[in-house]
Amino acid sequence: MYADRVLSGMRPTGSLHLGHYHGVLKNWISLQHEYECLFFAADWHALTTHYDSPGDIEANVWQMVIDWLAAGVDPSKATLFIQSRVIEHAELHLLMSMMTPLGWLERVPTYKDQQEKLTEKDLSTYGFLGYPLLMSADILIYRANRVPVGEDQVPHLEFAREIARRFNHMYGKEPGYEEKALAAVKKLGGKKAKLYQELRTRFQQAGDEAALESAKALLGETQNLSLGDKERLYGYLEGGGKMILTEPQALLTEASKMPGLDGQKMSKSYGNTIALREEPDSVTKKIRTMPTDPARVRRTDPGTPEKCPVWQFHQVYSNDEVKAWVRAGCTSAGIGCIECKQPVIEGVLKELAPIQERARALTEDPDTVKNIIADGCDKARELARETMRDVRESMGLSFG
Ligand code: TRP
Ligand code: SF4
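Predicted, not measured: the structure shown is a model, and the values here were computed from it. (Residues numbered from 1 in each chain as written. Chains lettered and ligands numbered in written order. Predicted model: local features only at pLDDT ≥ 70, side-chain atom pairs only at ≥ 80, totals over all residues. Heavy atoms only, no water.)

Chemist: Summarise the environment of Tyr196; cite the residues concerned and give the values.
Modeler: With respect to the element layout, Tyr196 can be found in helix 11 (residues 190-206). Judged by relative accessible area, Tyr196 falls into the buried class, the value being 0%. Along the sequence, Tyr196 and Val185 sit 11 residues apart, while their C-alpha atoms lie 7.7 Å from each other. When residues no more than four places from it in sequence are discounted, the contact partners of Tyr196 are Val185, Leu188, Leu218, Leu219, Leu233, Tyr236 and Leu237. (Helix = DSSP H or I, 4+ residues; strand = E, 2+ residues; numbered from the N terminus. Buried < 20%, exposed > 50% of the residue type's maximum accessible area, 1.4 Å probe, protein only. Contact = heavy atoms within 4.5 Å.)

What follows is the structure, encoded as structure tokens:
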């Protein structure tokens, strides 16, 4: 049992590009070695904005999952699944909708922003308004405490914490709570149970914060308790009710250094991407025709690397020696732009070659991909069901 659980989701946008790789996937790949990780395709989220054109969601999910795997997300380390295949997310979303104040949803900054930005779509829908709540359900249902996301998602994490807090406050006093907590203490075993009680008393009677921390650490290390019992004991320490839902923290992903071909953020809608499965010829052509510092009209005009998107690519792909060569050659017009781009082309092709090889193998073997996802969905469902039992019970819905 790990102390921390990481969860993140990605909307199924089809095949992924270098922006996703450097901005998200490399981070997931390093997290999977450090934490228990769950990663999912957020297909319902795609419908919150594309409800009128659902046609390609399924194909997009499979393309995206192949790219995750090809990039190195490892199904023996992380649990990979599809949101809509774990329908418990929907139940939690529904139950939480009962106690979510409308004003909280209306105040989420992305709500008005996106509505104003995506004017070609009618986003005055129930689903779109509720999207942060659905995202909260995605997270809270796994009691995930760490959620790797970009800056734009931070308000949603804050929203999820507020919902968790409100939920615990409202429903945390389960019937027979005291007895259940005491039964859970017993399950700790003699020595640990005694220590837990001592630490709890020291905190509750004397406000000893260090004792509280020790008791939390003790629970963190404990392996033989169900998550429900564990949460109960965390809650019991501080005298409150049971912590049914865990407040998640954002694990802020560093902004990617990888720009698009035109220097803006890499994004399909800007048409400035290099796909992970882009053909080598196409990669070469795209980089050869990338814009450079506009001051270099002729080969003999010196340039400024900082004004050139190719320079940003060198930050990702080149070592100090190559970067020094670029700076000297660009500012003195000693090298031409085509020459300057050559090491970038080679760097990108070298990075993509093994990814493309794995993607090819996976594409030829769809059963393997389907099985990985089926296993992941089973694992995720099991965790989700455990939380839902507690949620239903706390809301008075435990019908045998
Ligand atoms: N909202 C996220 C996005 O648009 C995707 C997402 C859905 C997500 N549910 C999540 C991310 C839960 C993290 C955790 O990028
Ligand atoms: Fe950009 Fe390189 Fe040309 Fe300078 S030499 S403008 S850094 S491509």
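Picking up after the structure, the text goes on.
Chemist: With reference to specific residues and values, describe the packing of helix 12 (residues 209-221) against helix 13 (residues 227-237).
Modeler: Two elements in contact, helix 12 and helix 13, have axes separated by 10 Å at closest approach and are oriented at 175 degrees. Taken as axis vectors, helix 12 and helix 13 run roughly antiparallel relative to one another. On helix 13, the residues touching Leu212, Ala215, Lys216, Leu219 and Gly220 of helix 12 are Lys230, Leu233, Tyr234 and Leu237. Across the contact of helix 12 with helix 13, the residue classes break down as 6 nonpolar, 1 polar and 2 charged. (Axes fitted to C-alpha atoms, helices over the stretch in contact; angles between N-to-C directions. Parallel < 35°, antiparallel > 145°, perpendicular 65-115°, else oblique. Nonpolar A, V, L, I, M, F, W, Y, C, P; charged D, E, K, R; others polar.)

Chemist: Explain the environment of Glu306 to me, using residue names and the numbers behind them.
Modeler: Assignment of secondary structure puts Glu306 in the loop between helix 14 (280-288) and helix 15 (309-317). Through-space distance from the C-alpha of Glu306 to that of Glu278 is 27 Å; in sequence the pair is 28 residues apart. In this structure Glu306 touches Trp311 and Arg327, once residues within four positions along its chain are discounted. Reaching out from Glu306, the side chain makes a polar contact with the side chain of Arg327 at a distance of 2.8 Å. (Polar contact = N/O pair within 3.5 Å; in protein donor to acceptor, adjacent residues only side chain to side chain.)

Chemist: Any details on the pairing of strand 3 (residues 78-82)? Residues and values, ideally.
Modeler: Within strand 3, 5 of the 5 residues are buried, which leaves it mostly tucked inside the rest of the structure. Alternating residues of strand 3 divide into Ala78, Leu80 and Ile82 and Thr79 and Phe81, and every residue in both groups is buried. The pairing of strand 2 (residues 36-41) with strand 3 spans 5 bridges and is classified as parallel. Residue pairing in the sheet places Phe40 in a bridge with Phe81 of strand 3. (Pairing = 2+ DSSP bridges.)

Chemist: Give me the pattern of salt bridges: which residues, what numbers.
Modeler: This structure, assessed with the given rule, holds 19 salt bridges. Between Arg5 and Glu36 there is a salt bridge, with the nearest N and O atoms lying 3.0 Å from each other. Of this pair, Arg5 sits in strand 1 (residues 5-10) while Glu36 sits in strand 2, placing them 31 residues apart in sequence. When its relative accessible area of 9% is taken as the criterion, Arg5 is described as buried. As a salt-bridge pair, Asp229 and Lys187 come within 2.6 Å of each other at their nearest N and O atoms. Of this pair, Asp229 sits in helix 13 while Lys187 sits in helix 10 (residues 177-187), and the two are 42 residues apart along the sequence. (Salt bridge = Lys/Arg side-chain N within 4 Å of Asp/Glu carboxyl O.)

Chemist: Tell me about empty space enclosed by the protein, and please be specific about residues and values.
Modeler: Applying the stated criterion across every chain yields a total of 2 cavities of 30 Å³ or more. When its volume is computed, the largest cavity comes out at roughly 110 Å³. What lines the largest cavity is a set of 15 residues, among which Cys308, Val310, Cys330, Cys337 and Cys340 lie closest to the centre. Contributions of two or more residues to the lining of the largest cavity are made by helix 15, helix 16 (320-331) and helix 17 (337-363). (1 Å grid on protein atoms, 1.4 Å probe; cavity = no way out; pocket = protein on both sides within 12 Å on 5 of 7 lines; lining within 4 Å. Points joined across faces, edges and corners; volume = space filled by probe spheres on them.)

Chemist: Could you give an account of the pairing of strand 2, naming the residues involved and the relevant values?
Modeler: Along strand 2, 6 of the 6 residues are buried, which leaves the element largely enclosed by surrounding structure. Of the strand pairs in this sheet, strand 1 and strand 2 are connected by 6 bridges, and their pairing is parallel. Bridge assignment links Ser8 to a residue of strand 2, and that residue is Phe39. With helix 1 (residues 18-34) bridging strand 1 and the parallel strand 2, this β-α-β connection has right-handed handedness. (Right-handed = clockwise from strand over helix to strand, strands pointing away.)

Chemist: Quick rundown of the site of ligand 1? Include the residues and the values.
Modeler: Near ligand 1 you find 14 residues, and of these Arg11, Tyr131, Met135, Asp138 and Gln153 are the closest. Within the side chain of Tyr131, an N or O atom sits 2.8 Å from a nitrogen atom of ligand 1. Contact with the protein chains removes 89% of the 360 Å² of surface that ligand 1 exposes when unbound. At 4 residues, the largest contribution of residues to the shell around ligand 1 is made by helix 8 (residues 131-140). (Near = heavy atom within 4 Å. Areas by Shrake-Rupley, 256 points an atom, 1.4 Å probe, with all protein chains shown as cover.)

Chemist: Please provide a residue-by-residue account of the packing of aromatic side chains, values included.
Modeler: The final tally for this structure, using the stated rule, is 6 aromatic pairs. In this structure an aromatic cluster arises from ring pairing among Trp28, Phe39 and Trp68. Geometry around Trp104 places Arg166 over its ring, the cationic atom sitting 5.4 Å from the centre. A cation over a ring is seen here: Lys370 above Trp62, with NZ or CZ 5.1 Å from the ring centre. (Phe/Tyr/Trp six-rings, centres within 6.5 Å; stacked < 30°, edge-to-face > 60°. Lys NZ or Arg CZ within 6 Å of the ring centre and 35° of its normal.)

Chemist: Help me get a handle on the side chain of Thr110, residues and values and all.
Modeler: Within the secondary structure layout, Thr110 lies in helix 6 (residues 109-117). Reaching out from Thr110, the side chain makes a polar contact with the side chain of His156 at a distance of 2.8 Å. Thr110 has contacts with Asp152 and His156, leaving out every residue within four places of it along the chain.

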